[in-house]
Amino acid sequence: MLHIWTLFLIRHPRPFTNRVVNENNLPTEESESIYIAIIGGGPKGFYALDRFINKIIHLNTEKRINIHWFNHTRDFAAGPNFQPHLPSYLIMNDCIAEISCWEDQNKPHILPKRLKLIDWINENKSGENEPKHGDFCSRELMGLYLMDALKNTLENIPNTMDIKLINANVIDIDVVEEKIKVTTSKKRLPYQYESTIICTGHSYANMEEENLLATDVSENIMYLPQAYPVELLDDIPSQVDVAIKGIGLTFMDAVLHLTEGRGGIFYKQDQEYRYLPSGYEPTIYPFSRRNLPMLPRNAFWEGNKYQLKIMTEDWVNSLKSRNGQLNFERDILPIYNLETQLAFYSHVHSTKELSDSENTRFYRFF
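Now for a description of the structure that goes with this document. (Residues numbered from 1 in each chain as written. Predicted model: local features only at pLDDT ≥ 70, side-chain atom pairs only at ≥ 80, totals over all residues. Heavy atoms only, no water.)

## Focus on the overall build of the protein
When its secondary structure is counted, the protein shows eight helices and 13 strands. Within the protein, the proportion of its 366 residues that are buried is 38%. When contacts within the protein are restricted to residue pairs at least 6 apart in sequence, those whose partners lie at least 24 apart make up 71%. As displayed, the protein offers around 22900 Å² of accessible surface, 51% of which is attributable to carbon and sulfur atoms. (Helix = DSSP H or I, 4+ residues; strand = E, 2+ residues; numbered from the N terminus. Buried < 20%, exposed > 50% of the residue type's maximum accessible area, 1.4 Å probe, protein only. Contact = heavy atoms within 4.5 Å. Areas by Shrake-Rupley, 256 points an atom, 1.4 Å probe, with all protein chains shown as cover.)

So this is what it looks like as structure tokens:
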């Protein structure tokens with residue numbers, strides 16, 4: 001049975017928020033120390049921190065290393081998409097089988113025990129059910145996994161290293177005499193950083209907003225340039241028309257918050273998925289340039305991969321044996337499309353029990 005693992009099934013790891021400071025509570029600069037800055041406290045920032053720690057411990061240096069890690073919230077390592085207070089219906093797009101916040105289990109590391117997500121869930125779960133490779137988890141739980149990994153890292157750093165988690169919004173960086181100066185929204189910091197890495201992730205700035213606001217827009221129209229945090233969507237009244245540009249991952253988050261987040265219920269009956277509205281939802285109109293939705297990835301992991309049925313080694317050899325040049329649109333693309341459709345429909349609930357030939361007839365009919 002497929003499980004969606006959420007915060008409610010897991011013991012909350014010990015927090016590390018007591019380590020978080022602001023720019024007004026930093027010590028004075030040490031003249032003989034090396035200072036490094038990491039800007040952006042999400043998964044990318046944690047990856048940069050982890051790799052730097054494990055590289056620096058192999059260097060023969062007597063100087064003290066000070067790492068200043070900046071983030072605009074206190075949820076270091078989680079980032080905006082995996083904060084532990086997100087609604088539990090916002091789900092990861094990958095199954096838990098191979099998700100890990102560690103680069104390589106075989107490389108030397110300060111932590112001898114580095115758990116993949118599936119093993120971390122199994123170790124921290126409060127119930128008797130064991131996680132399966134094909135299960136999914138909520139984004140809030142993924143955030144707790146990342147934060148727990150950071151907590152373990154901070155507890156095992158060498159004595160020659162100091163890491164400050166700084167809850168501050170960096171607005172500018174300058175290079176002054178080959179050193180880097182950082183300015184937050186409150187002050188310019190006195191430290192001279194040897195190196196700075198920017199790990200701010202996705203930018204939600206939208207140039208179209210300026211063009212739209214420059215036009216004559218009716219006061220009855222609400223325009224939201226972004227969907228994050230999803231609480232922004234709470235200002236949308238019920239039973240109004242809502243147009244959403246794009247039908248990718250952000251679209252799915254927005255739709256879930258405007259439906260299940262408002263008391264609607266998705267359920268399964270007679271092998272079909274249905275929806276029971278609460279009456280507080282708007283009417284949603286999706287718009288897309290390609291009209292292709294972003295679908296959840298299939299549950300593939302090592303030992304459970306899709307085996308090619310058409311684009312086999314024999315097929316490749318048949319192409320090699322042809323005289324003359326190959327034409328991609330004529331000789332390869334049609335076969336590629338058939339293989340893709342066969343892979344898709346062999347994993348869709350309503351058609352996965354069909355044979356390959358039955359699946360082929362099914363999607364060629366449509």
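## Observations regarding the environment of I284
When you line up the elements, I284 lands in strand β13 (residues 283-287). Judged by its relative accessible area of 23%, I284 is partly exposed. For the pair I284 and T259, spaced 25 residues apart in the sequence, the C-alpha separation amounts to 9.8 Å. Residue contacts for I284: discarding those within four places in its chain leaves V242, I244, F251, V255, L258 and T259.

## Some words on helix α1 (residues 43-56)
Taking 1.5 Å of rise per residue, 14 residues should cover 20 Å, and α1 covers 20 Å from first to last C-alpha, within 8% of that figure. Inspection of α1 places G45, F46, A48, L49, D50, R51, I53, N54 and I56 among the buried residues, and these make up the whole buried set. (Expected span 1.5 Å × (residues − 1).)

## Details of unusual backbone geometry
Most peptide bonds take the trans configuration, and most residues that are not glycine carry a negative phi. Of the consecutive residues Y228 and P229, the connecting peptide bond is found in the cis state with omega at -5°. Tracing the chain through its elements places P229 in the loop between α4 (207-214) and β10 (241-245). The phi torsion at E177 lies on the positive side, around 50°, for a residue other than glycine. Assignment of secondary structure puts E177 in the loop between β7 (170-176) and β8 (179-184).

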